[in-house]
Amino acid sequence: MKLVVANLFRLAALVLLLILLFRTQWLSFLLTPLTTNNAPAVYTQNSLASLAAGHLQLVVGSIACSAVLAVLGGIFVTRESGADFLPLSRAIANAGQTFPPVAVLALAVPATGFGAMPTLIALFLYGLLPIFENTVAGLKQVSPQVLDAADGMGMSATQRLLRVELPLALPLILEGLKVATVINIGTATIGSTVAAKGLGEVIIAGLISDNTAFILQGGLIVGLMAVLLYDAMGLVEAAITRRIGLRAA
């Protein structure tokens, strides 16, 4: 029964997202009461589907870069040679999460210009912490007995990392990726303040014109994308962990 309800929720969320992206006019009767002074109820200045695609490109690009650096950093600080750098690495990852994205944009624009690059930098920094911390936690939770068994089988340090430690840490690493992705989907809306293509454009247009209908459209699309993508990544995580004989975190 729970599975049926979950699947119905996924289907309903997906249908609503597709309607918002491609047939928003179908919902105009619900959006019109949220407007004033005969303002348009449906955002038509740009294709919502195109804005959503640009939004996802920002998120995927930033998360890919964050994941590479955070996982490599997590591996490094959990090796004996890099253990002394754990506090420094953790401080850097924390700084990326706590430094306001708006401030990052303000600092990045003079160096990179307007557009996608300042937003990618802000999102890259914002995505480091959950992936880094989960990588460290996942690698540190591997049982010493398992590591001793791997050494006893004659595995080199690299073989032990690739064949034993990373597979066992994978559920937590994937969980960090999921969290970072959802955070960045919401945070990416600020990119529109520096001319990056994304759904923040719809929300900002609503704020400027005092049009609640626009704000609701942009907010709903971002929220539905975050929910559905998190759910999809969870299904992928479960499939991967089952395949290698582990349980998802």
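As annotated in an unreviewed UniProt entry, the protein chain carries the name Osmoprotectant transport system permease protein and is attributed to Rhizobium binae. Regarding the protein chain, the relevant UniProt record gives this comment under Sequence similarities (unreviewed entry): "Belongs to the binding-protein-dependent transport system permease family." Under Subcellular location (unreviewed entry), UniProt gives the following word-for-word description of the protein chain: "Cell membrane".

Moving on to the overall build of the protein chain. Broken down by element type, the protein chain carries 10 helices and zero strands. Put simply, the protein chain runs from its N terminus to its C terminus through helices and strands in the order α-α-α-α-α-α-α-α-α-α. For the protein chain, the proportion of its 249 residues judged to be buried stands at 43%. Sequence-distant contacts, at least 24 apart, represent 76% of the contacts inside the protein chain between residues at least 6 apart. Carbon and sulfur atoms form 69% of the exposed surface of the protein chain, whose accessible area is close to 13200 Å². Once the 13 positive and 11 negative side-chain charges of the protein chain are each reduced to a mean point, those two points are 9 Å apart.

A separate point is the UniProt feature "domain: ABC transmembrane type-1" (unreviewed entry) in the protein chain. Residues annotated in UniProt with the feature "domain: ABC transmembrane type-1" (unreviewed entry) correspond here to residues 52–233. Along residues 52–233 the backbone is 81% helical and 0% strand, and the end-to-end C-alpha distance reaches 18 Å.

In this section: the UniProt feature "transmembrane region" (unreviewed entry) in the protein chain. Following the UniProt record, the feature "transmembrane region" (unreviewed entry) maps to residues 54–78, 99–126 and 214–233 here. Along residues 99–126, the helical share is 82% and the strand share 0%, with 8 Å between the first and last C-alpha atoms. The span residues 214–233 shows a helical share of 100% and a strand share of 0%, and its end C-alpha atoms are spaced 28 Å apart.

Another point: a nonpolar patch on the surface. Where nonpolar side chains cluster on the molecular surface, the patch consists of Phe76, Phe85, Leu88 and Ile92 and spans about 390 Å² of accessible area. Its location among the elements puts isoleucine 92 in helix α4 (residues 86–98). We classify isoleucine 92 as exposed; its relative accessible area is 51%.

Our next topic: the packing of aromatic side chains. This model, assessed by the stated rule, comprises two aromatic pairs. Taken together, a centroid distance of 5.3 Å and an interplanar angle of 85° make the contact between tyrosine 43 and phenylalanine 214 edge-to-face. Residue tyrosine 43 is located in the loop between α2 (28–31) and α3 (48–77), and its partner phenylalanine 214 is located in helix α10 (residues 212–243); the two are separated by 171 residues in the primary sequence. In this pair, the class of tyrosine 43 matches that of phenylalanine 214, namely buried.

Conventions adopted
Residues numbered from 1 in each chain as written. Predicted model: local features only at pLDDT ≥ 70, side-chain atom pairs only at ≥ 80, totals over all residues. Heavy atoms only, no water. UniProt positions renumbered as here; feature names shortened; annotations may be inferred. Helix = DSSP H or I, 4+ residues; strand = E, 2+ residues; numbered from the N terminus. Buried < 20%, exposed > 50% of the residue type's maximum accessible area, 1.4 Å probe, protein only. Contact = heavy atoms within 4.5 Å. Areas by Shrake-Rupley, 256 points an atom, 1.4 Å probe, with all protein chains shown as cover. Lys, Arg positive; Asp, Glu negative; His and termini not counted. Charge placed at Lys NZ, Arg CZ, Asp CG, Glu CD. Patch = residues over 30% accessible without salt bridge, like charges linked within 9 Å, V, L, I, M, F, W, Y side chains within 5 Å. Salt bridge = Lys/Arg side-chain N within 4 Å of Asp/Glu carboxyl O. Phe/Tyr/Trp six-rings, centres within 6.5 Å; stacked < 30°, edge-to-face > 60°.

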